[in-house]
Amino acid sequence: MSEIHDAFEVIYRDTFPILSKYLLFRVVQPADMEDLLQNVYAAYYKVLVKRKPIENPIAYLTEIANNELKRYYRWKSKAPVTLIDDEAQVWVLELTDGEDPHLAAIHKASLDDLTRLLKRMDVESQRILIAKVQLDMTFTEIALVLDLNENTVKARYYRALLKLRKEVEALG
């Protein structure tokens, strides 16, 4: 079983950034990306346990991701509309960078405060923050995926950070 676990770990480390980027810009809410990734890797692990040979893991994982996206949008079309999204955005914990005063101020806030503040932001600002901070994408990559000017992406990123900083400072 350790052999399967080790193989999974290698594939996970090699494919996580690619699949995260792939799913982030295809979901309605950025927080949904984490759920879909979990489902994709769980399905892949089940296949590994059954010892089925997989020639191209990235292609296979992308196929699973596409199937998860289909389920996701089928569910979204049938799901009742809710005004409150209670899912925690765990990636906020990774918003630490001592070099940037905006991020340093944000880091001092509690996870609950940050989650609440982030949910107030528009979806595109959330996506830009996730892509830059969690997925470590460049402004150029984000601009290409969102079909925006690179300077527009930069401006929205820094505006979102400034807004978070001001709101965190207002919290005390």
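This text follows the structure it describes.
Since we're looking at a predicted model, the values are computed, not measured.

S.K.: Looking at this structure, I do not really get the packing of helix α6 (residues 123-134) against helix α7 (residues 139-146). What am I missing?
M.R.: At a minimum axis separation of 10 Å, α6 and α7 run at an interaxial angle of 140°. With respect to α7, the axis of α6 lies oblique. Between α6 and α7 lies a crossing whose hand is right-handed. Residues E124, I128, A131 and K132 of α6 lie in contact with α7, whose contacting residues are F139, I142 and L146. Taken together, the residues that form the contact of α6 with α7 break down as 5 nonpolar, no polar and 2 charged.

S.K.: Any chance you could explain the environment of L171 here in plain terms?
M.R.: For L171, the location among the structural elements is in helix α8 (residues 150-171). Leaving out residues up to four positions away in the same chain, L171 has contacts with D113, R116 and L117.

S.K.: Please clarify how the environment of D14 should be interpreted in this entry.
M.R.: Tracing the sequence through the fold places D14 in helix α1 (residues 2-24). Classification of D14 as exposed rests on a relative accessible area of 51%. As a C-alpha pair, D14 and P57 span 43 residues in sequence and 9.9 Å in three-dimensional space.

Calculation notes
- Residues numbered from 1 in each chain as written.
- Predicted model: local features only at pLDDT ≥ 70, side-chain atom pairs only at ≥ 80, totals over all residues.
- Heavy atoms only, no water.
- Axes fitted to C-alpha atoms, helices over the stretch in contact; angles between N-to-C directions.
- Helix = DSSP H or I, 4+ residues; strand = E, 2+ residues; numbered from the N terminus.
- Parallel < 35°, antiparallel > 145°, perpendicular 65-115°, else oblique.
- Left-handed = near helix turned anticlockwise from the far one by under 90°.
- Contact = heavy atoms within 4.5 Å.
- Nonpolar A, V, L, I, M, F, W, Y, C, P; charged D, E, K, R; others polar.
- Buried < 20%, exposed > 50% of the residue type's maximum accessible area, 1.4 Å probe, protein only.

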